[in-house]
Each structure stands twice: as structure tokens, then as C-alpha cells.
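# Commentary on secondary and tertiary structure
One letter stands for each residue in the lines below.
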Amino acid sequence: MKYSILLASLAPTMMAAPLTRDTFEWTPTLAGYFDVVFQYMQQAKQPGQPSPTCDLSKAAMPIAPSPLPSPAGLVLEHVAVGRGVQNYTCANATATPAAVGAVARFYNASCVAADYPDLLGLIPNLALQYPLPADPSAPLAPSELQLSSHHFFSNTTTPVFTFDTPESPDFGTIFAQKVHSSDAPANAVPGISGTGNGAVPWLYLTSRSDTESEIKAVYRLSTAGGQPPETCADMPAAFSVDYSATYWFYK
């Protein structure tokens, strides 16, 4: 019975199908992901295994290499996987690329964070290997997480998170500011297919006074890709770098 419950829980978020094998190239990253899913399925067959609860009070953030401020006193409300691009500009060929924001779609990973934390750590790396779905409202393949919000910058320094989809939690629009950062771990995935210039930093953001939301803090963690080359040599005036990450929203 509990095995059936687990499969039902996995179906909309992680088990969308063997169809992924036909749609996407079978890579070690994808194989590792489904291996962990299989392990959870095997565990669920054992007598006495608890049912998944999607209880975010059980979710624990990964610790950054340089620890970020604690969310003590706040309550975790949502966890999402972001998949999109970091944007940069180049003044000239000898300049250093300048960060000018990001654009991403966010996908609801709250139940994964609560019940399958080691899977959550794999999804950004997996998501980076595949393009976003052509249908803007479609789930994130191959994990099948559902779209929950969008991310962009209102200017070069103000990240915005807007919960504006039919399936979004009621969190409004968050205008944030960076407070602290930590370099990504040395073993973070540097880019698509394991090649690239590195993973963007992990961040601790707080909401600005113009925020239309009860969310007070946002953490960007488990980043994959997104870093630009060290110089602008042979780069266009504006360019983007694919990235993925998990985002933790606290009220």
C-alpha cells in the first residue's frame, strides 16, 4: 500500500516516465538520477516505511562552503528549481564580463525537498543538461516538476521573483537584494555536459521594502553553470550563460 502511495507521489514530480529515455540522451547524470529514484522505490517496498508527507518543516538546506546567514525565526514556505540564463555584457574585448541579471523559470520542488532531499541535490545538475520546454507552461523535463514562478531582474541589481502561474503558491512578487554570497563548492557542475566556466555563487537575499509578498528571505543554492569567461575576448557585447539552481523561500 505504501509503495503505491510513494509511486503516486513520485509520478507527478520525478517518475514522469520512461519517455525521458526516448526524448533525452541517456547520460551518466540522468542514469544517476533514476538510480536514486529506483532506490526510493525499493525502500518503499519495505514494511513500515513512512509515507511521504511534503512537510517542509523536515527540509534542510545544504550548507554553503562559506556558511550563509541562518533563516532562524523564519518559516520555509517554498522550494523551487530554477532553470534559465545568467546575462552579461562586455564593454570591449579586454574588459571583464559584467553581470546584468538573469532570466529563469522556477519549478515547484517543495515535496522533493521535504521527502527526497538527495534527489533535490541532483535536479539542478540534471536540469542544466536539457533545454527548457518549448511550451512555457510545461513541466521541467525529465524531472516533471511543475512551473511555479518566474525570475528576472528589474534592473542590474534587483532580482525579482513573481508567483504568477496558475499553479503558483500565493506569494505575490518579491523584489530582493543580495546580502551575502558564497562561492559554489569545488565539485559543482561548471556548465552543460560538464564543461564551462564554473557555477555561480550561492546567495542569501532579503526582500526589499517594495516587495508585495510575505516572503522575507530567498536562498540560491546548489548552483550549476552560469559563470562567464574571465575576459571578454572573442565575446559579443551581450551574451547569456545557462544555469540552474535551487531556491529556498522563507517567510
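As the structure is a computational prediction, the values presented were derived from the model and not from experiment.

Calculation rules
- Residues numbered from 1 in each chain as written.
- Predicted model: local features only at pLDDT ≥ 70, side-chain atom pairs only at ≥ 80, totals over all residues.
- Heavy atoms only, no water.
- 1 Å grid on protein atoms, 1.4 Å probe; cavity = no way out; pocket = protein on both sides within 12 Å on 5 of 7 lines; lining within 4 Å.
- Points joined across faces, edges and corners; volume = space filled by probe spheres on them.
- Helix = DSSP H or I, 4+ residues; strand = E, 2+ residues; numbered from the N terminus.
- Salt bridge = Lys/Arg side-chain N within 4 Å of Asp/Glu carboxyl O.
- Buried < 20%, exposed > 50% of the residue type's maximum accessible area, 1.4 Å probe, protein only.
- Pairing = 2+ DSSP bridges.
- Axes fitted to C-alpha atoms, helices over the stretch in contact; angles between N-to-C directions.
- Core = buried A, V, L, I, M, F, W, Y, C linked by side-chain atoms within 4.5 Å.
- Contact = heavy atoms within 4.5 Å.
- pLDDT = per-residue confidence, 0-100.

### Brief notes about the layout of surface pockets
In this structure, the largest pocket occupies an estimated 440 Å³ of space. Gln86, Ala99, Phe153, Leu203 and Arg220 are, among the 24 residues lining the largest pocket, the residues nearest its centre. Where the lining of the largest pocket is concerned, the elements lending two or more residues are β1 (76–89), β2 (98–108), β3 (147–155), β4 (158–162), β5 (173–182) and β6 (202–207). The element best represented in the lining of the largest pocket is β2, accounting for 5 residues.

### Focus: the pattern of salt bridges
One pass over the structure, following the stated rule, counts 5 salt bridges. One salt bridge in this structure joins Asp115 and Lys58, with 3.3 Å as the shortest N-O distance. In this pair, Asp115 sits in helix α4 (residues 110–115) while Lys58 sits in the loop between α3 (28–45) and β1, placing the two residues 57 residues apart along the sequence. A relative accessible area of 15% places Asp115 in the buried class. The class for Lys58 is partly exposed, based on a relative accessible area of 45%. The partner of Lys251 in a salt bridge is Glu77, with the nearest N and O atoms 3.5 Å apart. Of this pair, Lys251 sits in the segment after β8 (238–250) while Glu77 sits in strand β1, and the two are 174 residues apart along the sequence. Three or more residues are tied together by salt bridges with common partners; here these are Glu77, Glu214 and Lys251.

### As for the sheet that holds β1
Pairing is antiparallel around the closed barrel formed by 8 strands, whose spatial order is β1-β2-β3-β4-β5-β6-β7-β8. Sheet twist, expressed as the average angle between the axes of neighbouring strands with direction ignored, equals 30°. Where strand β7 (residues 217–225) and β8 come together, 7 bridges link them in antiparallel fashion. By the bridge assignment for β8, Arg220 is matched with Tyr247.

### Thoughts on the nonpolar core
One finds Val79, Val112, Leu119, Leu120, Tyr219 and Trp248 to be the most contacted residues of the largest nonpolar core, which totals 39 residues. For this core, the element with the highest residue contribution is α3, accounting for 7 residues. The residues touching Leu120, leaving out its near neighbours within four places in the chain, are Val79, Val81, Ala109, Val112, Ala113, Thr246 and Trp248. Grouped together as the second largest cluster of nonpolar side chains are 23 residues, Ala80, Ala104, Val218 and Tyr243 included.

### Observations regarding the confidence of the model for the protein chain
A low pLDDT means the predicted coordinates there should not be read in detail. Model confidence for the protein chain is summarised by a mean pLDDT of 88, while 89% of its residues fall at 70 or above. A low-confidence stretch, residues 1–22 stays under pLDDT 50, and its non-local contacts, those more than four residues away or across chains, total 44 contacts.

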